[in-house]
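Spelled out, the chains give:
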Amino acid sequence: MPETQHTATLQTLLAAYPNTGALRQGELRSSLVNFAFADVKIANKAFKALVREQKFDLGELAIVTFLQAKVYGKPYVLMPAVVVARGQHHTILYNPERGHLNPGDLNGRNVGVRAYTQTTGAWVRGFLQEDYGVDFRRVRWITFEDPHVAEYTDPPWVRPAPEGKQLVQMLLDGEIDAAIFGSENPEGTPFKPLIPDAAEVAARWAEKHGGVPINHMMMIKESITRARPDVVREVYSMLKKSAAAGPLKSPGVLRFGVEAVRKSLETIIQYSERQSLIPRRLSVDELFNDVTRAFD
């Protein structure tokens, strides 16, 4: 992290969203920090480089990937700043041309997902278990990518897709019974959400669980928090200002501050431990350090 006088330049992974536009476009400036933004359109394409190579000083990261990075000793701490969050109930689809399917029918069936460690998949498995009686260990999870964190090994109920297979085509052909598509719900297919009235169900879930499910949060190298806490505070302030300048004002979505995200983090930690994504239950407070835990 090179410094010139008192200005720190941070190698930054942060994609273009309505809430990051003011920051990325230089509308917000600071004498304390410069951002060297990675040239990426889809942030998850760089998550592996972040956790395996520590390529970035500062960045957004999927929350399940961060929990795994924390468990395996990667040198980052969480900032209580949500970058991406949304309802997730609509993301699991099935093919009605292959017959009707209910959420509770998944035991013993094949379900495709980009990676078992994908944060969207962790949220959806949590819903399916708690609200629809699905035992995720009795589902065969068919995956197409390896985990971002190299030290993690998928559990025995996870199987890689055969070489050359694609998620959409497998669902069309009936080789899998349902699939989680994340933000890439395919157009021009007959697929339907497995969970009926997904938007209404998601809204009720968010009211009960302290906000919509978190996808990506900001994290920063712990060494920077020790060497330049002033820079870290400035980054956090600029993230808040950028979000406030964006069009999304819905409460419970882009939350800032430890207490604002505590309940959501407790839920995804519980889901992650239960699903063997992490070997032990972390506390919310240990995701932060003395610098980032103080942010509100």
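The shown structure was predicted, so the numbers you read here are calculated from the model rather than taken from an experiment.

Caption draft 1: Inspection of the sheet that holds strand E6 (residues 92–94) at higher detail. The six strands lie next to each other as E9-E8-E7-E10-E6-E11, forming an open sheet whose pairing is mixed. Both outer strands of the open sheet, strand E9 (158–160) and strand E11 (192–193), are each paired with one neighbouring strand and no more. Here strand E8 (residues 140–143) runs beside E9; their pairing, made up of three bridges, is parallel. Following the sheet pairing, Ile142 is matched in E9 by Arg159. Against the sheet, helix H4 (residues 119–132) touches E6, strand E7 (110–113), E8 and strand E10 (178–180), its axis set at about 130 degrees to E10.

Caption draft 2: Expanded view of the nonpolar core. Membership of the largest hydrophobic core comes to 65 residues, with the highest contact counts inside it found for Leu78, Ile92, Leu106, Trp141, Leu265, Ile268 and Leu287. By residue number, the principal contributor to this core is helix H9 (residues 258–274), which donates six residues. Not counting chain neighbours up to four residues away, the residues in contact with Ile92 comprise Leu106, Val111, Val124, Leu128, Ala178, Ala179, Ile180, Lys192, Pro193, Leu194 and Ile195. In this structure, Val33, Phe35, Val235 and Phe295 belong to the second largest nonpolar core, which totals 25 residues.

Caption draft 3: Focus on the environment of Asp230. The residue Asp230 is located in helix H8 (residues 229–245) in this model. What makes Asp230 partly exposed here is its relative accessible area of 27%. Between the C-alpha atoms of Asp230 and Leu32, which are 198 residues apart in sequence, the distance is 7.9 Å.

Caption draft 4: Seen up close, the pairing of E8. One ladder, built from four bridges, connects E7 with E8; its direction is parallel. Paired with Gly112 across the bridge in E8 is Ile142. For the crossover from E7 across H4 to E8, the handedness is right-handed.

Caption draft 5: Representation of the environment of Glu175 in the model. Looking at the secondary structure, you find Glu175 in the loop between helix H5 (167–173) and E10. Its relative accessible area of 32% is what places Glu175 among the partly exposed residues. In this structure, the C-alpha to C-alpha distance between Glu175 and Leu287, residues 112 residues apart in sequence, is 39 Å. What Glu175 contacts, discounting residues up to four positions off in sequence, is Asn110, Lys165 and Met170. Among the polar contacts made by the side chain of Glu175, one reaches the side chain of Lys165 at a distance of 3.0 Å.

Caption draft 6: Structural context of the environment of Val77. Note on placement: Val77 falls in strand E5 (residues 76–85). A relative accessible area of 1% means that Val77 is categorised as buried. Excluding anything up to four places from it in sequence, Val77 contacts Phe66, Met219, Ile220, Glu222, Thr225, Leu287, Asn289 and Thr292.

Calculation criteria
- Residues numbered from 1 in each chain as written.
- Predicted model: local features only at pLDDT ≥ 70, side-chain atom pairs only at ≥ 80, totals over all residues.
- Heavy atoms only, no water.
- Pairing = 2+ DSSP bridges.
- Helix = DSSP H or I, 4+ residues; strand = E, 2+ residues; numbered from the N terminus.
- Contact = heavy atoms within 4.5 Å.
- Axes fitted to C-alpha atoms, helices over the stretch in contact; angles between N-to-C directions.
- Core = buried A, V, L, I, M, F, W, Y, C linked by side-chain atoms within 4.5 Å.
- Buried < 20%, exposed > 50% of the residue type's maximum accessible area, 1.4 Å probe, protein only.
- Right-handed = clockwise from strand over helix to strand, strands pointing away.
- Polar contact = N/O pair within 3.5 Å; in protein donor to acceptor, adjacent residues only side chain to side chain.

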